[in-house]
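Each chain, letter by letter, is given below.
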Amino acid sequence: MPITFSAYSRMERNRKILFLLVASTSLGGMRIAYAQDMDPVQGMHHHMKPVGHASVPNHTGKSSVKRQKPPKTMEGMSGGDDDMEGMYHGGARVSDAEEVHVTGMSAVRRAAARLLSVPGGTSVVDSKMVLRQRTSTIGDWLAFQPGVYAPAATGDNDVHLSIRGSGIQAGTGSARVGTLVLLDDLPATRIGGAPMELMEPLGMQYMEIYRGGNGFDLGSTLLGGAINMHTLTGYDAKTYQARVEAGSFGYVKEQLSSGKVIGKSDYYISVTNSYRSGYQQNTKISNFGINFNYGYKFSDSVDTRFFFRYRQSYEGQPNYLTRAQIAENPKQARPGYYNTYTILPGTKYFGDRTRIRIDDKSNLLIGFTYIDAPMNHGLRTLQLPMNVIGANGVVDYTRKDKIWGHKSNTNLGVYTTVDVGYNYYDYRVRSTSAYAAYGLPFGASVNRWHRGGSNTIWHLSNETEVYKNLWLTAAGALSYMPRSTTTTYPVQSHFSVNPLYFAPRGGFRYQATPDIRIYGNVTRSVQSATDNDFLSGSQYQSGPATGLTEGYQRLKPQTATTFEIGSEGTFKGQHWSVSYYHSAVRNELLSVMTATSALYNTAVLSNASPTTHQGVEVGLNHKIYQWDGNSIYLMHAYTFQDFHYNHDQNFGHNRLPGIPQHLYQAQFHADFKNGFYSSFDVEAASSVYATYDNKAKAAPYHIYNLTFGYLWPKKNRRIYFQLHNLANKHYASAVIPVYRATNGDAAAEMPGDGFGVFSGIDVGFN
């Protein structure tokens, strides 16, 4: 079931898109080339009520903002004191946390204000910051976020996502584990993880990031927390918009989008197409996607929104290199992996979210999603087609009260995901010569099984202001996570587990001054293995399936108790956030040589001995200088991560591999009132252990990028020019750990892109 994308049809599409862009530039009355309008209240005091806004309900229990088109006097470059703070908190102040009901906040600032009521590390990323330069993967949204590690090694959305050490062993396959992913408040994570192909970065308005236990009220009991991606709607989008990016490594990305409000309805649709021949051999990527939503407002108290996403994708899979191979030639694929790939012929996502304002104190959100994600992995001698179908549901109730004169907020919800239908996995012959001894034709089945399971999380939390500006939080979640697997060929066997766990949480937040807060929490996390993780390491010893894994193992859910304390605030235009956390992890899902797998000299994913995750997360935004409508900013994100075994019988106190201990990102950014802008950014990472025995490591690196852009004042046109990896550094952008080193090295590294030149144009009108 391969996908064909001919060069001729791609060139024809490019010509049509470019013709549309050239024609669009001659149209008058255009506005800013952002994915969202500049909100007219930025820079205003939040008690002021701007023109063109009306209060409507949202699921937080407080009224929201119905966005109308801003007056022409507000067109031009986004300005005010909130520009660069969009990377962390959408321009929100800590004092906004108690006043998200105030009419006039932008959607992004409102989201940031809600997160400021969470007693822990959170942040919001605004599209207006991301779209200033190339936006090829979801990793571009997750950059400059303390505590978040999300390299996009091959230039596609299959990022190696890790928050506070989650998903260390997950790799860069088709799904991410350890972090709950939501699309527009609706859970997209299935039993096997979140489908990364649905996380198209263009068409998003903003992203909420909840680090660690701070995603509790979304139903996340995972070590990494949660990310919540919010799509543009007809209230925020341009009526028509087009964007084209192109550059080195054969990269071309195109987007056409449209959004509009029609009476009580609104719609938004974005169609994207991208191609990249690749920096490294066998990293060709082709993507086509549709992102659509339709909203209807029944009354001031009830609204609903329907979502549909579709994605086709082809991804070359070059496997992993050693440190020596990357230093010598990072463009090479691993020998034998010149024609391996993953094809996603058509992932379909359907969802609906209904929000009901019951009264002035309480709100209800009800939603569901359905995800059908067929795929085919082309391996060296086998192919692995699979059909994965999942359904998710969420019910979330919020209420605000006063208890004995004290403000009190309660959240009660349930989140569930379940495998539905017949989710099959089927190893089939790809190379007939490899199976000539058995006389098997192309496509013959070698090993077939199907899997099932569900996650159901009931969660309840309450925060009460026990003293002026001091809030205490108490919460608990009950998680039920059954798993089952049935092998049907060449043998028949069945395996199932039914774990039930309770996860408590407690915390505080104190608003020391109107713009400074201190917070802390203790949270229990629990994560069951995915339905792919129960393989034991025993292997078939005869027949065509020889060498493939046969049996199953009982795995305990990974649990952790995390203590976190931190502070954030704003002073004279300077914003900071700092957090320290310490997690005592039990039964972490890592690569382990079990008694069974040792018989075959292999390691499998299994429960490790006790480990510790601890770290420091720092974000700083400095407004260095501002004059006559021009501004210069400096933004920093630093993450220190210390993950290690406690007393492992094989590895002692070794550090856990796969994640750099130090990660620093910074950007020097200048905005000029005539429309020009520029930025210079740096990313530096310490060396990364590639093996659990700590005898192989990836080299440390630092890369530099430079961007120039021009945004036509009071017009809806933007162009940019970007230089990536100025020093053409050879480095490993992602490391997927292996068990032991061989001669001091290990094939566990994925090279980052070398020097590249990219440019883009973004045009739209209403």
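Rules used in this analysis
Residues numbered from 1 in each chain as written. Predicted model: local features only at pLDDT ≥ 70, side-chain atom pairs only at ≥ 80, totals over all residues. Heavy atoms only, no water. 1 Å grid on protein atoms, 1.4 Å probe; cavity = no way out; pocket = protein on both sides within 12 Å on 5 of 7 lines; lining within 4 Å. Points joined across faces, edges and corners; volume = space filled by probe spheres on them. Helix = DSSP H or I, 4+ residues; strand = E, 2+ residues; numbered from the N terminus. Nonpolar A, V, L, I, M, F, W, Y, C, P; charged D, E, K, R; others polar. Pairing = 2+ DSSP bridges. Contact = heavy atoms within 4.5 Å. Axes fitted to C-alpha atoms, helices over the stretch in contact; angles between N-to-C directions. Core = buried A, V, L, I, M, F, W, Y, C linked by side-chain atoms within 4.5 Å. Buried < 20%, exposed > 50% of the residue type's maximum accessible area, 1.4 Å probe, protein only. Salt bridge = Lys/Arg side-chain N within 4 Å of Asp/Glu carboxyl O. Patch = residues over 30% accessible without salt bridge, like charges linked within 9 Å, V, L, I, M, F, W, Y side chains within 5 Å. Areas by Shrake-Rupley, 256 points an atom, 1.4 Å probe, with all protein chains shown as cover. Phe/Tyr/Trp six-rings, centres within 6.5 Å; stacked < 30°, edge-to-face > 60°. Lys NZ or Arg CZ within 6 Å of the ring centre and 35° of its normal.

**Student:** Let's hear about empty space enclosed by the protein: which residues, and what values?
**Tutor:** Evaluated as defined, the whole model comprises 15 cavities of 30 Å³ or more. Its volume calculated, the largest cavity comes out at about 800 Å³. Along the wall of the largest cavity there are 40 residues; nearest its centre are Gly-139, Asp-140, Ala-143, Glu-683 and His-724. Counting only elements with at least two residues in the lining of the largest cavity, the list comes to helix H3 (127–130), helix H4 (139–142), strand E4 (148–149), strand E34 (662–671), strand E35 (676–685), strand E38 (701–711) and strand E39 (717–724). Of the residues in the lining of the largest cavity, the class split is 19 nonpolar, 14 polar and seven charged.

**Student:** Just give me the short version of the sheet that holds strand E3 (residues 122–126), but keep the residues and values in it.
**Tutor:** Taking strand neighbours across the sheet as the criterion, the five strands line up as E3-E10-E11-E7-E8 in an open arrangement whose pairing is mixed. With partners counted over all chains shown, the strands left at the sheet margins are E3 and strand E8 (186–187), one partner each. Pairing of strand E10 (residues 204–211) with strand E11 (residues 225–231) involves seven bridges; the strand directions are antiparallel. Residue Tyr-206 lies in a different strand from E11, and its bridge partner there is His-230. Together, E3 and E10 form the strand contacts of helix H2 (residues 107–115), whose direction differs from that of E10 by roughly 10 degrees.

**Student:** Explain the nonpolar core residue by residue, including any values.
**Tutor:** Formed by 29 residues in total, the largest nonpolar core has its most connected members in Ile-138, Leu-161 and Met-207. In this view, Leu-161 contacts Leu-142, Val-148, Tyr-149, Ala-150, Ser-166, Arg-176, Thr-179 and Ile-227; residues no more than four positions away in its chain are not counted.

**Student:** Any chance you could break down the pairing of strand E27 (residues 516–527) for me, citing the residues and the numbers?
**Tutor:** Relative to E27, strand E26 (residues 500–513) runs antiparallel, the two being bridged by eight bridges. Opposite Arg-505, over in E27, you have Thr-523 as the bridge partner. Pairing geometry for E27 and strand E28 (residues 558–571), over 12 bridges, is antiparallel. Within E28, the residue paired with Ile-516 across the bridge is Gly-569.

**Student:** Which residues make up unusual backbone geometry, and what values go with them?
**Tutor:** That bond from Tyr-489 to Pro-490 is cis: its omega, 10 degrees, falls within 30 degrees of zero. Position of Pro-490 among the secondary structure elements: in the loop between strand E24 (483–489) and strand E25 (493–497). Positive phi outside glycine occurs at Phe-249, with the angle close to 65 degrees. One can find Phe-249 in the loop between strand E12 (240–247) and strand E13 (251–262). Residue Phe-249 is classed as buried on the basis of its relative accessible area, which comes to 15%. Not every positive phi belongs to a glycine, and Trp-404 is a case in point at roughly 50 degrees. What makes Trp-404 exposed here is its relative accessible area of 82%.

**Student:** Any details on the pairing of strand E32 (residues 611–627)? Residues and values, ideally.
**Tutor:** Relative to E32, strand E29 (residues 574–586) runs antiparallel, the two sharing 11 bridges. By the bridge assignment, Ala-584 is partnered in E32 with Thr-612. Taken together, the 16 bridges between E32 and strand E33 (residues 630–645) define a ladder with antiparallel strand orientation. Residue pairing across strands places Thr-612 opposite His-644, the latter belonging to E33. Counting the residues that bridge the hairpin from E32 to E33 gives two residues, and of these Asp-628 lies at a positive phi of roughly 45 degrees.

**Student:** Would you mind going over the pattern of salt bridges in detail, with residue names and values included?
**Tutor:** This model, assessed by the stated rule, comprises 23 salt bridges. A salt bridge links Arg-211 to Glu-617; the nearest nitrogen and oxygen atoms lie 2.8 Å apart. With Arg-211 in strand E10 and Glu-617 in strand E32, this residue pair connects regions lying 406 residues apart in the sequence. A relative accessible area of 4% means that Arg-211 is categorised as buried. Between Asp-266 and Arg-305 there is a salt bridge, with the nearest N and O atoms lying 2.8 Å from each other. Here the residue Asp-266 occupies a position in strand E14 (residues 265–276), and Arg-305 occupies one in strand E16 (residues 302–316), the gap between them amounting to 39 residues. Across the pair, exposure class does not vary: Asp-266 and Arg-305 are buried alike. Look at the salt bridges and you will find they share partners, linking Arg-164, Arg-211, Glu-564 and Glu-617 into a network.

**Student:** Tell me about a nonpolar patch on the surface, and name the residues and values.
**Tutor:** Where nonpolar side chains cluster on the molecular surface, the patch consists of Ile-624, Tyr-625, Trp-627, Phe-668, Phe-680, Leu-726 and Phe-755 and spans about 640 Å² of accessible area. The element contributing the most residues to the nonpolar patch is E32, with three residues. Relative to the helices and strands, Phe-755 resides in the loop between strand E41 (749–751) and strand E42 (756–765).

**Student:** Summarise the environment of Val-271; cite the residues concerned and give the values.
**Tutor:** Tracing the backbone through its elements, the reader meets Val-271 in strand E14. Residue class for Val-271 comes out partly exposed when judged on its relative accessible area of 30%. Between the C-alpha atoms of Val-271 and Ser-258, which are 13 residues apart in sequence, the distance is 9.3 Å. Setting aside chain neighbours within four positions, we find Val-271 in contact with Glu-254, Gln-255, Leu-256, Phe-288, Gly-289 and Ile-290.

**Student:** Any details on the packing of aromatic side chains? Residues and values, ideally.
**Tutor:** Here the structure, examined in full by the defined rule, presents 21 aromatic pairs. Measuring from ring centre to ring centre gives 5.2 Å for Tyr-625 and Trp-627, while their planes differ by 25 degrees; the resulting arrangement is stacked. Trp-627 gets classed as partly exposed once you look at its relative accessible area, which sits at 30%. With a centroid separation of 4.6 Å and an interplanar angle of 50 degrees, the aromatic rings of Phe-676 and Tyr-710 are classed as tilted. Of this pair, Phe-676 sits in strand E35 while Tyr-710 sits in strand E38, and the two are 34 residues apart along the sequence. On the accessibility criterion, Phe-676 (45% relative accessible area) is partly exposed. An aromatic cluster is defined as three or more aromatic residues linked by ring pairs; in this entry it consists of Phe-249, Tyr-251, Tyr-279 and Phe-758. A cation over a ring is seen here: Arg-134 above Phe-758, with NZ or CZ 3.8 Å from the ring centre. One cation-aromatic arrangement involves Lys-284 over Tyr-314; the distance from NZ or CZ to the ring centre is 5.0 Å.

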